[in-house]
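# Descriptive analysis of the structure
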Amino acid sequence: MIGGDLRLVIAALAGIALAVVMIVRGRLHPFIGLLCGAFTVGLLAGLPLPDVAKAVQKGVGDIIGGTGLVVALGLSLGAMLHLSGAAASLARGALQMTGARAAPGPRWASRSSSACRCSSKPGSSCCCRSSSPPRRR
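### Observations concerning the overall build of the protein
Per the secondary structure count, the protein includes 5 helices and 0 strands. Reading the protein from its N terminus to its C terminus gives the helix and strand order α-α-α-α-α. The buried share of the protein, reckoned over its 137 residues, is 11%. When contacts within the protein are restricted to residue pairs at least 6 apart in sequence, long-range pairs at least 24 apart make up 25% of them. Here the protein displays about 10,800 Å² of accessible surface, and carbon together with sulfur accounts for 68% of that area.

Structure follows, in structure tokens:
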């Protein structure tokens, strides 16, 4: 391996190691850890800081530009389905068509069933269907 190639490999390994340590040990948000790792790779590879910043900006912009719109549209569609009650209606309809045995997990099937998880007294309001956590006894 030539010296310049070895320097690039060491820079890449150092950037990856820094990102992993910052995320796992430092409990930093992965986005911040990955940005710090990207800056480390660029600086250790010998690029001046303004060029590293431009390269990171272009790389992040390309990724977010390609996937960000799809993710944002999916999030807004999911929020609209949830807020309108359509998501629960779709789930109930799917369970009626396929049966509770086809549900991905027993926990999911029990949420749509009529059984109450909090065992509240008959006639009182059930805390399972509200957004608040179940009451403690």
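What follows picks up the thread again.
### Topic: helix 2 (residues 30-44)
For helix 2, built from 15 residues, the straight-helix expectation of 21 Å at 1.5 Å per residue is met to within 8% by its first-to-last C-alpha distance of 21 Å. Taken residue by residue, helix 2 has Gly 33, Gly 37, Thr 40 and Gly 42 as its buried positions. Buried positions along helix 2 lie against helix 1 (3-24) and helix 3 (49-84). Positive phi shows up at Gly 46, right after helix 2, with a value of about 105°.

### Some points on the confidence of the model for the protein
When pLDDT is averaged across the protein, the result is 82; 75% of the residues are at 70 or more. When mean pLDDT is taken per element in the protein, helix 2 scores highest with 95 and helix 5 (residues 106-112) scores lowest with 51.

### Focus: a nonpolar patch on the surface
Where nonpolar side chains cluster on the molecular surface, the patch consists of Leu 28, Phe 31, Ile 32, Ile 63 and Ile 64 and spans about 450 Å² of accessible area. Of all the secondary structure elements, the ones that give two or more residues to the nonpolar patch are helix 2 and helix 3. On the secondary structure map, Ile 32 appears in helix 2.

### Some thoughts on the pattern of salt bridges
Taken as a whole, this structure holds 1 salt bridge when the rule is applied. Lys 58 is paired through a salt bridge with Asp 62; the nearest N and O atoms lie 2.9 Å apart. Within this pair, Lys 58 and its partner Asp 62 are both found in helix 3, separated by 4 residues, close to a single helical turn. Lys 58 sits in the exposed class, given a relative accessible area of 53%.

Thresholds applied
Residues numbered from 1 in each chain as written. Predicted model: local features only at pLDDT ≥ 70, side-chain atom pairs only at ≥ 80, totals over all residues. Heavy atoms only, no water. Helix = DSSP H or I, 4+ residues; strand = E, 2+ residues; numbered from the N terminus. Buried < 20%, exposed > 50% of the residue type's maximum accessible area, 1.4 Å probe, protein only. Contact = heavy atoms within 4.5 Å. Areas by Shrake-Rupley, 256 points an atom, 1.4 Å probe, with all protein chains shown as cover. Expected span 1.5 Å × (residues − 1). pLDDT = per-residue confidence, 0-100. Patch = residues over 30% accessible without salt bridge, like charges linked within 9 Å, V, L, I, M, F, W, Y side chains within 5 Å. Salt bridge = Lys/Arg side-chain N within 4 Å of Asp/Glu carboxyl O.

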